Amino acid sequence: FPVTIEVEAVSNKLSKMRFGRAKKFTGATGAGAAVGAGVGSSAHFFEKVPTINPILLRVLAHDLLAFNADIILLNGSRTLKYGAALKRFYPIKAKLISRIIDNAEFWNSGKFTHWYYKNLVIPQLDATVGVSQASLASMVRHYNFKKPSKVIYRVFDPGKFKNAPDRYIARAKLGPVS
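Residues numbered from 1 in each chain as written. Predicted model: local features only at pLDDT ≥ 70, side-chain atom pairs only at ≥ 80, totals over all residues. Heavy atoms only, no water.

**Student:** What's the story with the packing of aromatic side chains in this structure? I'm lost.
**Tutor:** Aromatic ring pairs: the centre-centre distance and the angle between the two ring planes describe each pair. A full pass over the atoms with the stated rule returns 4 aromatic pairs. Aromatic side chains F112 and Y116 sit 5.8 Å apart centroid to centroid with 35 degrees between the ring planes, which places their arrangement in the tilted category. A residue pair is termed a helical-turn pair when its members lie 3 or 4 positions apart in one helix, as F112 and Y116 do in helix α7 (residues 111-121) at 4 residues. A relative accessible area of 54% places F112 in the exposed class. Since its relative accessible area comes to 10%, Y116 is described here as buried. (Phe/Tyr/Trp six-rings, centres within 6.5 Å; stacked < 30°, edge-to-face > 60°. Helix = DSSP H or I, 4+ residues; strand = E, 2+ residues; numbered from the N terminus. Buried < 20%, exposed > 50% of the residue type's maximum accessible area, 1.4 Å probe, protein only.)

Listed below in structure tokens is the structure:
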């Protein structure tokens with residue numbers, strides 16, 4: 001089986017590093033260095049100009065290159081942006097697969113954002129997966145995406161919960177959480 005990593009997991013770790021709230025830099029390397037630099041926040045200046053924080057990108061590249069994944073699954077707009085930058089500026093050999101969970105036409109409707117993603121981000125992807133036919137269709141239509149794409153529905157079957165007890169009854173049966 002190919003080794004897969006979700007950039008979202010790395011991004012979530014780095015997102016906890018808020019600008020102005022980070023501890024003093026200690027000379028750490030890797031993700032620890034980013035904590036000290038306070039660069040994980042999406043509100044950081046570099047997220048606006050030049051749209052990619054080079055320090056955060058370097059930390060992500062360090063972690064992902066060390067992991068040596070075959071496939072990198074990108075979830076959400078920010079992870080797509082950083083995944084594309086990684087592929088453009090670092091020797092990432094892994095395939096970049098995006099997971100589209102919503103309507104791209106709604107979330108990236110501005111002219112600059114649409115141009116940016118259509119010309120700089122989306123071309124770096126090797127394939128995409130939509131969690132519904134509608135979400136995949138909006139992405140393919142909005143960005144004129146011509147690479148492999150497939151719908152893989154969310155792993156949730158509401159039928160499994162058809163005869164489930166009321167949540168209050170279930171909680172009473174299970175008892176308090178310790």
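And the narrative resumes.
**Student:** I would appreciate a short explanation of the packing of helix α5 (residues 77-89) against α7 in the present structure.
**Tutor:** In a pair of packed helices, the angle between the axes and the distance between the axes together describe the arrangement. Their axes nearest at 10 Å, the elements α5 and α7 cross at an angle of 35 degrees. Like other packed secondary-structure pairs, α5 and α7 cross with a definite hand, here left-handed. Where α5 approaches α7, its residues S77, R78, L80, K81, A84 and R88 are matched on the opposing element by Y116, Y117, N119, L120 and V121. Along the lines of polarity and charge, the residues of the contact of α5 with α7 split into 6 nonpolar, 2 polar and 3 charged. (Axes fitted to C-alpha atoms, helices over the stretch in contact; angles between N-to-C directions. Left-handed = near helix turned anticlockwise from the far one by under 90°. Contact = heavy atoms within 4.5 Å. Nonpolar A, V, L, I, M, F, W, Y, C, P; charged D, E, K, R; others polar.)

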